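# An overview of the molecular structure
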Amino acid sequence: MGAMVGAAFAAGRIEQLESWALSLDWKRVVGLVDIGLRGSVFKGDRLLNLYQGQFVQCLFSELSVPFAAVATDLATGREVWLRDGSVSDAVRASCTVPGLFRPVLREGQYLIDGSVVNPVPVSLCRAMGAQIVIAVDLGSHRARRFPLDDRQPPNPRSPRRGFLTSLRSPPDPPVRRLPSMADTLLGAIDIMQERIADARLVGEPPDVLLAPDLEQFGPFEYHRAALSIAAGRQMVTKMLPNLEKALAL
């Protein structure tokens, strides 16, 4: 998601991306899902082709704002900084969540999501010459979606009904919903990314870290863009004194 938003901003298309996201409903989100047969659960072609056609279709050299995306070499595990060639191809590689979307073949490398090795790439910003780094962490410290204590408390009932119920056989224990394949993959990836981000941010801290509250959002809930944008604005408002202090240095 960072690559998609960052590229749109660097290309001067962030308002168009926001308008499109706000126009999504559940049916349109489902229409963007294309089932994969080899190497992934989803192909990702519909979503990324739409992004390429409507928002960013240019070279890095044509951007008005410096931009780079992070990917991971699937063969070596090496962090790859994408800073030249097609912007949309770089975004596609950086968005390829392992197991969910197909790896991208680029210059002889199969690339997957950069957050596998560097979820909050402060180091890349420093290497590009940024004097002030304002980082956004969308994955850390989120509540797990399938806790062990997710049973709902019993509904209050009258003493008479409780007595009659006790004369019957005990009710079956509640059955928890089994996480889907996508929920399992994304949940595991979230846990790994959180640990990696925590470790890397200790050695590579940004000047300001924004971590909006996204506990209420699940995977593929792009149709809830208005709520997630509001969560981002709320975090910026909360951290405004820190931002002003950092930018005043």
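First, a word on what this report is: a plain description of the structure on this page. (Residues numbered from 1 in each chain as written. Predicted model: local features only at pLDDT ≥ 70, side-chain atom pairs only at ≥ 80, totals over all residues. Heavy atoms only, no water.)

### Focus on the nonpolar core
- Core analysis: the largest hydrophobic core is formed by 29 residues, its most contacted members being W20, L63, F67, L82, V87 and V91.
- At the level of secondary structure, the elements contributing two or more residues to this core comprise α1 (2–10), α2 (14–23), α4 (45–54), β1 (69–73), β2 (79–82) and α5 (87–94).
- With five residues, α1 is the largest single contributor of residues to this core.
- Not counting the four nearest positions on each side in its chain, L63 is found in contact with A10, A11, C58 and V87. (Core = buried A, V, L, I, M, F, W, Y, C linked by side-chain atoms within 4.5 Å. Buried < 20%, exposed > 50% of the residue type's maximum accessible area, 1.4 Å probe, protein only. Helix = DSSP H or I, 4+ residues; strand = E, 2+ residues; numbered from the N terminus. Contact = heavy atoms within 4.5 Å.)

### Examining the packing of helix α9 (residues 225–238) against helix α10 (residues 240–248)
- Relative orientation of the contacting elements α9 and α10 amounts to 60°, with a least axis distance of 4 Å. Judged by the inter-axis angle, α9 sits oblique to α10. Each of V236, T237 and K238 in α9 lies in contact with α10, whose residues at this interface are L240, P241 and L243.
- When its residues are assigned to classes, the contact of α9 with α10 shows four nonpolar, one polar and one charged. (Axes fitted to C-alpha atoms, helices over the stretch in contact; angles between N-to-C directions. Parallel < 35°, antiparallel > 145°, perpendicular 65-115°, else oblique. Nonpolar A, V, L, I, M, F, W, Y, C, P; charged D, E, K, R; others polar.)

### Some words on the pattern of salt bridges
- Under the definition given, this model contains six salt bridges.
- We note a salt bridge from R126 to D207, for which the minimum N-O separation is 3.3 Å. Separated by 81 residues along the polypeptide, R126 in helix α6 (residues 122–127) and D207 in the loop between α8 (181–203) and β6 (208–210) bring together distant segments of the chain.
- A relative accessible area of 35% places R126 in the partly exposed class.
- A relative accessible area of 36% places D207 in the partly exposed class. (Salt bridge = Lys/Arg side-chain N within 4 Å of Asp/Glu carboxyl O.)

### Looking at a nonpolar patch on the surface
- Taken together, the side chains of M1, V5, V136, L138 and Y222 present a nonpolar region at the surface, about 410 Å² in accessible area.
- As for its placement among the helices and strands, V136 is situated in strand β5 (residues 134–136).
- Looking at V136, the relative accessible area reads 46%, which means it is partly exposed. (Patch = residues over 30% accessible without salt bridge, like charges linked within 9 Å, V, L, I, M, F, W, Y side chains within 5 Å. Areas by Shrake-Rupley, 256 points an atom, 1.4 Å probe, with all protein chains shown as cover.)

### Structural notes on unusual backbone geometry
- With a phi close to 55°, E107 is a non-glycine residue in the positive phi region.
- When you line up the elements, E107 lands in the loop between β3 (104–106) and β4 (109–113).
- Residue E107 is classed as exposed on the basis of its relative accessible area of 65%.

### Here's the deal with the pairing of β1
- When you tally the buried positions in β1, you get five out of five residues, the bulk of the element.
- Side chains of β1 alternate between two faces, with A69, A71 and D73 and V70 and T72 buried alike.
- The loop that links β1 with its antiparallel partner β2 comprises five residues; one of these, G77, has a positive phi angle of about 75°.
- Sheet topology places β1 next to β4; three bridges connect them, and they run antiparallel. Its bridge partner being in β4, A71 is matched across the sheet by D113. (Pairing = 2+ DSSP bridges.)

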